[in-house]
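Understanding the architecture of this molecule
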2 protein chains.
Amino acid sequence: MSSKKEDLLRTSEALFYQNGFHAIGLKKIVGESNIAMMTLYNHFASKDELIMEVLNRRERQYMEQLNFAIAADPSERKKISESIYVRLARAHADWMNGRAARGCLFLRAKEEYGEDASHPIVQLVDGHKERLKAFIQSADSERTTSEVLQLCLLLEGATALAESEGPEIAARELIAITERLFADLQ
Amino acid sequence: MSSKKEDLLRTSEALFYQNGFHAIGLKKIVGESNIAMMTLYNHFASKDELIMEVLNRRERQYMEQLNFAIAADPSERKKISESIYVRLARAHADWMNGRAARGCLFLRAKEEYGEDASHPIVQLVDGHKERLKAFIQSADSERTTSEVLQLCLLLEGATALAESEGPEIAARELIAITERLFADLQ
DNA sequence: GCTTTAATAGAATGATCGTTCTACCTAGAG
DNA sequence: CTCTAGGTAGAACGATCATTCTATTAAAGC
């Protein structure tokens, strides 16, 4: 991938997250990305398509982080017995900790473009949430559908709480709750 | 209060919640409100001030609902022993159940106007979250600060989960978690 | 009846929006 | 050297934004 396109995507994600999708203009985005307007339109047909690529990239990175967390790590014997849900919560906490706390970028996209449910951005977000549920379900098949939804509720709640309390506090409470609710089964 | 102003505030809240603050224009708002543009500017100095009045109204209504839930109801003897946190969770579930599921309007406002932290809208939202914490703390003084934050996390999580799963499912899981975590103390 | 107040429709303003166009430049491949 | 592909700056487009102005109307208080 062109390094210009890389710059554009990274900068776009930061600016969308910081300002919102409608609030930020393409002029500011290409300015901060140090590219020309036509370079953006050479890579993406429209602002909507840029947004969707940003979201797809972000989903890939987030899922990678969750996936890494549940992949067995032989060097960490004592944590191996930790429940899978607690490990997922820790991975989500790690995700939050390095970043600005401005909510879930996917939900924010759905909120801004959701006036009609058939909008491609909305469908992308709905797909993301479905894939996340399916991933959690498959990560621990012993858990019920209700437990899957409860972990989703906790992860979303931590992301939202971080917006007012900061990521560290939100992460701490997320892990505390997850440990009480989803301690190891055996 | 003028009935035109009432109409305007009610319509504005619905449109802001449905579309987002930047995404909806004042032309559409006055159109749907059946008022003239100058009537809006007769009541509010700017769009920002309209937004802040909408948010203040919403906070008043939400807090009223929470307050009603913990006020002792002598006709409901069997529920009187229910923990205060569970009753707050039920009140939040009731709040969600009648409404469209588009997240927390306060956090959305902060997300859209939060590029600088001194923006009046951001300060209003921060104040709202602080007041909510203080209310929960004072509603059950036996609980620790950490437990206050945990209930906040659950309420925020339910609001977010409702955006993908619907309010009924989110409400059900919120109450299930709250009952497990915060059953009555005695 | 007269005055004041609030509301009206609609145009105007200047800014910014997403998108497109033009004309020029640069670097690497053949 | 020449060709090509991708990048450049900057203007232009029509649409929409928040805000203001104008001129008119309807109702209520004295």
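Residues numbered from 1 in each chain as written. Chains lettered and ligands numbered in written order. Predicted model: local features only at pLDDT ≥ 70, side-chain atom pairs only at ≥ 80, totals over all residues. Heavy atoms only, no water.

Labelled according to an unreviewed UniProt entry, chain A appears under the name TetR family transcriptional regulator, originating from Saccharibacillus kuerlensis.

1. A closer look at the environment of Ala100 of chain B
Let me state the cut-off plainly: Each helix corresponds to a stretch of at least 4 residues labelled H or I by DSSP, and each strand to a stretch of at least 2 residues labelled E; elements are numbered beginning at the N terminus.
On the secondary structure map, Ala100 of chain B appears in the loop between α5 (84-97) and α6 (105-113). Residues Ala100 of chain B and Pro167 of chain B lie 67 residues apart in sequence; the distance between their C-alpha atoms is 8.1 Å.

2. Quick look at the protein's contact with DNA strand C
Operational definition: Note on definitions. A residue lies near a molecule or strand when any single heavy atom of the residue is within 4 Å of it. Any pair of nitrogen or oxygen atoms within 3.5 Å is treated as a polar contact; in protein, a donor-acceptor pairing is required on top of that, and neighbouring residues in sequence qualify only through side-chain atoms on both sides.
The local shell around DNA strand C holds 18 residues, among which Leu26, Met38, Tyr41 and Lys47 of chain A together with Thr39 of chain B are the closest. Contact distances for DNA strand C include 2.4 Å between a phosphate oxygen and a side-chain N or O atom of Thr39 of chain B. In the model, a phosphate oxygen of DNA strand C is placed 3.3 Å from a nitrogen or oxygen of the Asn42 of chain B side chain. Here the surface near DNA strand C gets four residues from one element, more than from any other, and that element is helix α3 (residues 37-43) of chain B.

3. Quick look at the nonpolar core
So the rule is basically this: Nonpolar cores are built from buried Ala, Val, Leu, Ile, Met, Phe, Trp, Tyr and Cys residues. Side-chain atoms within 4.5 Å join them into one set. Accessible area is worked out with a 1.4 Å probe on protein chains only. A residue is then buried under 20% of its type maximum, exposed over 50%, and partly exposed in between. We call two residues in contact whenever any of their non-hydrogen atoms come within 4.5 Å of each other.
Of all hydrophobic cores here, the largest spans 62 residues; its most connected members are Ile136 and Leu154 of chain A together with Ile136 and Leu154 of chain B. Contacts of Ile136 of chain B, omitting those with residues within four sequence positions, involve Tyr85, Leu88, Val148, Leu151, Cys152 and Leu155 of chain B.

4. Some words on the packing of helix α8 (residues 145-165) of chain B against helix α9 (residues 167-181) of chain B
All names here are of chain B. So the rule is basically this: Here an axis means a line fitted to C-alpha atoms, over the contact stretch when the element is a helix, while the angle between two N-to-C directions is reported on a 0 to 180 degree scale. Should an angle fall under 35 degrees it is taken as roughly parallel, and over 145 as roughly antiparallel, whereas 65 to 115 is taken as roughly perpendicular and any remaining angle as oblique. Less than a right angle of anticlockwise turn of the near helix away from the far helix marks a crossing as left-handed, whereas a clockwise turn marks it as right-handed.
Contact geometry of α8 with α9 gives a least axis separation of 7 Å together with a crossing angle of 155 degrees. Considering their axes alone, α8 and α9 lie roughly antiparallel with respect to each other. Remark: the crossing between α8 and α9 carries right-handed chirality. The residues of α9 that touch α8, namely those facing Leu151, Leu154, Leu155, Ala158, Leu161, Ala162 and Glu165, are Pro167, Ile169, Ala170, Leu174, Ile177, Thr178 and Leu181.

5. Side note on the protein's contact with DNA strand D
Counted only if it meets this: Each residue is assigned to one of three groups, with Ala, Val, Leu, Ile, Met, Phe, Trp, Tyr, Cys and Pro labelled nonpolar, Asp, Glu, Lys and Arg labelled charged, and all others, Gly among them, labelled polar.
Neighbouring DNA strand D are 18 residues, the closest being Thr39 of chain A together with Leu26, Met38, Tyr41 and Lys47 of chain B. If you look at DNA strand D and keep only atoms within 4 Å of the protein, 62% of those are sugar or phosphate atoms. Within the side chain of Thr39 of chain A, a nitrogen or oxygen atom sits 2.6 Å from a phosphate oxygen of DNA strand D. Between DNA strand D and Asn42 of chain A there is a distance of 3.2 Å, counted from a phosphate oxygen to a side-chain nitrogen or oxygen. The class makeup of the residues in the surface near DNA strand D is eight nonpolar, seven polar and three charged.

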